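Now for the letters of each chain:
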Amino acid sequence: MFELKEKRILLGITGGIAAYKAAELVRLLRRSNAEVQVVMTQAATEFITPLTLQTLSGRRVRQAFFDPNDEASIGHIDLARWADLILIAPTSADFMARLAHGLANDLLSTLCLAATAPIALAPAMNQQMWLNPATQANAKLLQARGIKLWGPGDGEQACGETGPGRMLEPAELLAQTIKQFNSQLLAGQCVLLTAGPTQEPIDPVRFIGNRSSGKMGFALAQAFVEAGAQVYLISGPVALATPTGVTRIDVGTAIEMQQRVTEHINRCDIFVACAAVADYRPKATAAQKIKKSREQLDLILTRNPDILAEVAASTVPPFTVGFAAETEQLIKHAEEKRRLKRVDMIAANLVGAEQGGFERDENALTVLWEGGSKNLPMARKEKLAQSLVATITERYHAEKHPTKDS
Ligand code: PMT
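Residues numbered from 1 in each chain as written. Predicted model: local features only at pLDDT ≥ 70, side-chain atom pairs only at ≥ 80, totals over all residues. Heavy atoms only, no water.

Asker: So what's going on with the overall build of the chain? Which residues, and what values?
Answerer: What the chain contains, in helices and strands, is 14 helices and 19 strands. Seen through its principal axes, the chain has C-alpha atoms that stretch 85 × 45 × 35 Å. For the chain, with 406 residues in total, the buried portion stands at 49%. Sequence-distant contacts, at least 24 apart, represent 66% of the contacts inside the chain between residues at least 6 apart. (Helix = DSSP H or I, 4+ residues; strand = E, 2+ residues; numbered from the N terminus. Buried < 20%, exposed > 50% of the residue type's maximum accessible area, 1.4 Å probe, protein only. Contact = heavy atoms within 4.5 Å.)

Asker: Account for the domain arrangement of the chain, with residues named and values stated.
Answerer: How big an interface is tends to be stated in terms of accessible area lost as the parts join. When its domains are assigned, the chain resolves into domain 1 (8-180) and domain 2 (190-400). Summarising the inter-unit geometry, the C-alpha centres of domain 1 and domain 2 are found 41 Å apart. (Domains from an automatic or database assignment.)

Asker: So what's going on with helix H10 (residues 215-226)? Residues and values would help.
Answerer: Across its twelve residues, H10 extends 17 Å between first and last C-alpha, which sits within 8% of the 16 Å expected from 1.5 Å per residue. Those residues of H10 lying buried are Met216, Gly217, Phe218, Ala219, Leu220, Ala221, Ala223 and Phe224. Directly beyond the C-terminal end of H10, a positive phi value near 95 degrees is found at Gly228. (Expected span 1.5 Å × (residues − 1).)

Asker: Can you explain the pairing of strand E8 (residues 190-195)? Please cite residues and give values.
Answerer: A large share of E8 lies buried, amounting to six of its six residues. Summarising the sheet, E8 and strand E11 (residues 230-235) pair through six bridges and their orientation is parallel. Its bridge partner lying in E11, Thr194 is registered against Ile234. Note that E8 and strand E13 (residues 270-273) share four bridges and pair parallel. From the neighbouring strand, Leu193 faces E13, where its bridge partner is Val272. (Pairing = 2+ DSSP bridges.)

Asker: Explain the pairing of strand E9 (residues 200-203) to me, and be specific about the residues and the numbers.
Answerer: Pairing geometry for E9 and strand E10 (residues 206-208), over three bridges, is antiparallel. If you follow Asp203 over to E10, its bridge partner there is Arg206. The antiparallel hairpin formed by E9 and E10 contains two residues in its connecting segment.

Asker: Give a detailed account of the side chain of Thr253, specifying residues and quantitative values.
Answerer: If you trace the backbone, Thr253 turns up in the loop between strand E12 (246-250) and helix H11 (254-264). From its side chain, Thr253 meets the backbone nitrogen of Glu256 in a polar contact 3.1 Å long. Setting aside chain neighbours within four positions, we find Thr253 in contact with Thr198, Gln199, Glu200 and Pro201. (Polar contact = N/O pair within 3.5 Å; in protein donor to acceptor, adjacent residues only side chain to side chain.)

Asker: So, the pattern of salt bridges: which residues are in play, and what are the values?
Answerer: Counted under the stated rule, the structure contains 19 salt bridges. The partner of Glu169 in a salt bridge is Arg166, with the nearest N and O atoms 3.0 Å apart. Salt bridges here are not isolated pairs; linked through shared partners, they connect Glu335, Arg338, Arg339 and Glu370. (Salt bridge = Lys/Arg side-chain N within 4 Å of Asp/Glu carboxyl O.)

Asker: Help me get a handle on the nonpolar core, residues and values and all.
Answerer: Formed by 35 residues in total, the largest nonpolar core has its most connected members in Leu193, Leu220, Phe224, Val272, Phe323, Leu388 and Ile392. Put simply, the parts of the chain that give this core at least two residues each are E8, H10, E11, E13, strand E16 (319-326), strand E17 (345-350), strand E18 (362-369) and helix H14 (381-398). If one sorts the elements of this core by residue count, H10 sits on top with seven residues. Leaving out residues up to four positions away in the same chain, Val272 has contacts with Leu192, Leu193, Thr194, Leu220, Phe224, Val321, Phe323 and Ile392. Counting 33 residues, the second largest nonpolar core, distinct from the first, contains Leu28, Leu29, Ile48 and Ala124. (Core = buried A, V, L, I, M, F, W, Y, C linked by side-chain atoms within 4.5 Å.)

Shown next as structure tokens:
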């Protein structure tokens, strides 16, 4: 009931028949102890009265951009900064288009441009309008900029048609809002992640490498951003797009990865080593392509630094999470690695032709820490990453690691 205590929600309402549901949404938000400031577009007032929303929210509803009284009490820029979340429910096709193009031609669109808080849209429109390529392009553009789309749902519409475009029910929007705040548990924290393989050159065209695609590490980077963290991702050579909001640093070899980790580790509160770092590298790299003139070719390998163990052994280590990739005796070997490398947690996965782990879209993990463990069953890596980040967050807060700035 009190999940949204002290949370300040700016509820934008745009013109559409679903605007009548905003009354119930305000009631639910207030019942969860949120402060709610309603901002309506001119079109929204055709569907529901400001007086209704003012009564339910306990605050004067804002509508006009150039209202001297409103601006005197709290100016539009301050109002944009006041909000912990801007939720626009319903969001019309017109408002999505204006937001996508950065227009600031009424109070609500101006607030969105000036806001630093997350913005969530609950689209509501006729199914053809939603499916129109222009609306779809706007939706993609807004999502790419980090704006969340909650819905639309599918079903019978006010116009009598059936299809996608229904606004999510107020209870569903309340649940999304609570989830949004609960998922910001790493706000203000810095996370350093390694991902992907390393490639250790034999000569200018050949290298020692492994099957890591980077999918697990990139999914983790995304999940950490969603949890509110600032994320630095040090990645070996992979063919993946950088998740929005992540600072990516590309490397080739284990030595390069070690150098970049050393450069960034002091600013970070959590370190997660998901990279499949080559344990050995050729002692010497041939300057020219090696010719196949000999029947046998001997490569002398030398050991690479253990990046994870080095971080864990540093004077003030961050909360340190390793991975263990095993082909047999998963828990036994992972537990040995956890103890040997002295890390706070280790996420163990089976790898190899049969089991997966590498390359695939799905994975399963067993997470081990001193005195505890958790199984995260087979799931898509994006989903699994969210579960792992939730587990890391729980343990991190339990151990009360202060932030580096404090
Ligand atoms: O990239 P994907 O295709 O999605 O596959 C995901 C994954 C299987 C690569 C991932 O889930 C995983 O298991 N990553 C760790 C792979 C690995 O190298 O495991 P390991 O058991 O050999 O190493 C143990 C730990 O030490 C790892 O955290 C590793 O990053 C770290 N390490 C290892 C060697 C080294 N020189 N430096 C390190 O930091």
